[in-house]
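Here is how the chains run, residue by residue.
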Amino acid sequence: MPRGDPNGFLSHEMEGGVQRSRSRGERGGFWLVALLVTGQVATAAFGAEPLRINQQQLVGTHNSYHIAPDAFAMAMIAAAAGDEAKAIDYTRRPLSEQLEERGLRHFELDCYLDPEGRLFRSPLALTMAKVAAAEVPPFDPQGALAEPGIKVLHSPDVDFRTTCYTLREALAEVKAWSDAHPQHVPIFLLIELKSDSFTATQPLPWEGEAFASLHREIADVWPRERILTPADVQGEAATLRDAVAGKGWPAVDDHRGKVVFLLDNEGSDRDRYLEATDESRLLFVSVDREHPLAAWMKRNDPVGQEQEIRELVREGFLVRTRADAGTREARDNDTRRRDLAIATGAQLISTDYPEPDRRFSEYSVQLPPPATP
């Protein structure tokens, strides 16, 4: 059986031109398809069964907007938090390049409230660099952080550099690429709502009206008909869980050119989001497998959660896991976690290394090429 195909049936198709390989296996009377082409997936069917969204395996990036701190800020972080500086020493391409050049189809955005604007305009490390007359790269040259709206960054004051300063900017960049490639498979956007900080700048809490502002900013960029929502997946089923359990998510071909929003938060942040929204909510939430809203789950540790991930995939749920964390795998050129993440069948494989960082090693995360028949 090919690696990464825990359910016994492997099929590959590219968006332009087709290549296939298959090995048989059966679960519950129909054939499960695991796609192992990095985001460039097209229709594959066995008999009358269409390819479903949860029958893909896609590589994407963790903290997809992130730019490593400049040397001055990195020295501040190292002095205060030691090895934490190593954990954030990675830089992303712009989202459009990740989509076009790397074939990635899921991303993670850390979002901070800033309804009045300017909350994150003057990071502490940047101010201190100016006082010390240290040379640092330009920051927010167009003044995007001065405007009201949700901001995208990792941590205020020290780890603040980003390829997209605002949520609207990030969404618009993805939509522009989508407009130019209307036959793409659904793109997944993980939204992490950030409100905790140990820095001088104190973020605002996500509660009440804040969730409505999140929905508004999404809807201002993405029209409703191009967002696959929980209500769309639930359809006529009694619950969202009933719609996906066993059968799985809807067919890929029915939702090309769309985006899917996933709430990365769990616990109280997720619960407040559910309390503040209704059946028209735009984001899927990560909940227990028996919850009525169960459709996708975040299981970031493929080593400790391997068996659970395999079970969730078999049951039709969508799972996101991480192939690496904290730059450790790249520094050690350690592929064990990566290989296990792929082998579990988790559909969304998140990494800091869609391409190698050769300061460290040749480590990267790319799905295996199609096996020959």
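Our subject is the structure listed above.
Residues numbered from 1 in each chain as written. Predicted model: local features only at pLDDT ≥ 70, side-chain atom pairs only at ≥ 80, totals over all residues. Heavy atoms only, no water.

A. Representation of the side chain of Thr 162 in the model. Relative to the elements of secondary structure, Thr 162 occurs in the loop between β3 (151–152) and α5 (167–180). By relative accessible area, Thr 162 is classed as buried at 6%. Of note is the side chain of Thr 162, whose polar atom sits 3.3 Å from the backbone oxygen of Val 152. Here the side chain of Thr 162 touches Cys 164 through a polar contact of 2.8 Å, landing on its backbone oxygen. (Helix = DSSP H or I, 4+ residues; strand = E, 2+ residues; numbered from the N terminus. Buried < 20%, exposed > 50% of the residue type's maximum accessible area, 1.4 Å probe, protein only. Polar contact = N/O pair within 3.5 Å; in protein donor to acceptor, adjacent residues only side chain to side chain.)

B. Summary view of the sheet that holds strand β9 (residues 348–351). The strand order across the open sheet built from 4 strands is β1-β9-β8-β7, with neighbouring strands paired in parallel fashion. Two strands lie at the open edges of the sheet, namely β1 (58–61) and β7 (296–298), each paired on one side alone. With strand direction ignored, the average angle separating the axes of adjacent strands in the sheet is 25 degrees. Direction of pairing for β1 relative to β9: parallel, over a ladder of 4 bridges. Considered in β9, the bridge of Gly 60 is made with Ser 350. (Pairing = 2+ DSSP bridges. Axes fitted to C-alpha atoms, helices over the stretch in contact; angles between N-to-C directions.)

C. Fine view of the pattern of salt bridges. What the rule picks out here adds up to 31 salt bridges. Residues Arg 93 and Glu 101 are paired through a salt bridge, measuring 2.7 Å at the closest nitrogen-oxygen approach. A relative accessible area of 26% places Arg 93 in the partly exposed class. On the basis of relative accessible area, Glu 101 is assigned to the partly exposed category, the value being 48%. With a closest N to O distance of 2.7 Å, Arg 359 and Asp 357 form a salt bridge. Through salt bridges with shared partners, a single ionic network connects Arg 93, Glu 97, Glu 101 and Glu 355. (Salt bridge = Lys/Arg side-chain N within 4 Å of Asp/Glu carboxyl O.)

D. Summary view of helix α6 (residues 209–221). Taking 1.5 Å per residue as the helical rise, α6 with its 13 residues ought to reach 18 Å, and the 19 Å between its terminal C-alpha atoms agrees with that figure. Buried residues along α6 sit against α5, β4 (187–193), β5 (259–263), α9 (267–276) and β6 (283–285). (Expected span 1.5 Å × (residues − 1). Contact = heavy atoms within 4.5 Å.)

E. Representation of helix α4 (residues 124–131). Every buried residue belonging to α4 is among Ala 125, Leu 126 and Ala 129, and all of these are buried. Along α4, the residues classed as buried sweep out an arc of 100 degrees about the axis, all on the same side. Summarising the geometry of α4, the exposed residues directed more than 90 degrees from the buried face are Lys 130 and Val 131. Residues of α4 that are buried in the fold lie against α1 (71–81). Within two residues after α4, Ala 133 carries a phi angle of roughly 55 degrees, on the positive side. (Arc of directions from axis to C-beta.)

F. Structural context of the packing of aromatic side chains. For the structure shown, the criterion picks out 7 aromatic pairs. The interplanar angle of 80 degrees and the centroid separation of 5.9 Å between the aromatic rings of Tyr 353 and Tyr 363 together place this pair among those described as edge-to-face. Highlighted residues: Tyr 353 in the segment after β9 and Tyr 363 in the segment after β9, separated in sequence by 10 residues. Of the two residues, Tyr 353 and Tyr 363, both sit in the buried class. (Phe/Tyr/Trp six-rings, centres within 6.5 Å; stacked < 30°, edge-to-face > 60°.)

G. Local environment of the pairing of β4. Within β4, 6 of the 7 residues are buried, which leaves the element mostly enclosed by the surrounding structure. Where strand β2 (residues 106–112) and β4 come together, 6 bridges link them in parallel fashion. Each residue of the ladder has a partner; that of His 106, found in β4, is Phe 188.

H. Region of the structure containing the nonpolar core. Among the nonpolar cores identified, the biggest contains 75 residues, and Trp 249 and Phe 261 are the most heavily contacted of them. In terms of residues, this core owes the most to one element, β4, which gives 6 residues. Counting residues in hydrophobic clusters, the runner-up holds 11 residues, among them Tyr 112, Phe 120, Ala 144 and Leu 145. (Core = buried A, V, L, I, M, F, W, Y, C linked by side-chain atoms within 4.5 Å.)

I. Spotlight on unusual backbone geometry. In this structure, Asp 157 takes a positive phi of about 80 degrees despite not being glycine. Residues other than glycine seldom take positive phi values, yet Thr 327 does so here, at roughly 65 degrees. As for its position among the elements, Thr 327 is in the loop between β8 (318–322) and α11 (328–332).

J. Spatial organisation of the packing of α5 against α6. Across the interface, α5 lies against α6 with an axial gap of 9 Å and an inter-helix angle of 30 degrees. Crossing of α5 against α6: the hand is right-handed. On α6, the residues touching Leu 167, Arg 168, Leu 171, Ala 172 and Lys 175 of α5 are Leu 214, Glu 217, Ile 218, Asp 220 and Val 221. Considering only residue class, the contact of α5 with α6 consists of 6 nonpolar, no polar and 4 charged. (Left-handed = near helix turned anticlockwise from the far one by under 90°. Nonpolar A, V, L, I, M, F, W, Y, C, P; charged D, E, K, R; others polar.)

K. Expanded view of the environment of Leu 263. With respect to the helices, strands and loops of the structure, Leu 263 is situated in strand β5. With residues near it in sequence (within four places) discarded, Leu 263 still touches Ile 191, Leu 193, Arg 270, Tyr 273, Leu 283, Phe 284, Val 285, Ser 286 and Trp 296.

L. Seen up close, the sheet that holds β6. Strand order in the open sheet formed by 5 strands is β3-β2-β4-β5-β6, and the pairing between neighbours is mixed. The open sheet has two edge strands, β3 and β6, and neither has a second partner. Across 5 bridges, the pairing between β4 and β5 is parallel. Along β5, the bridge assignment pairs Ile 191 with Leu 263. Contacting β2, β3, β4 and β5, α5 crosses the sheet at an angle of about 175 degrees to β4.

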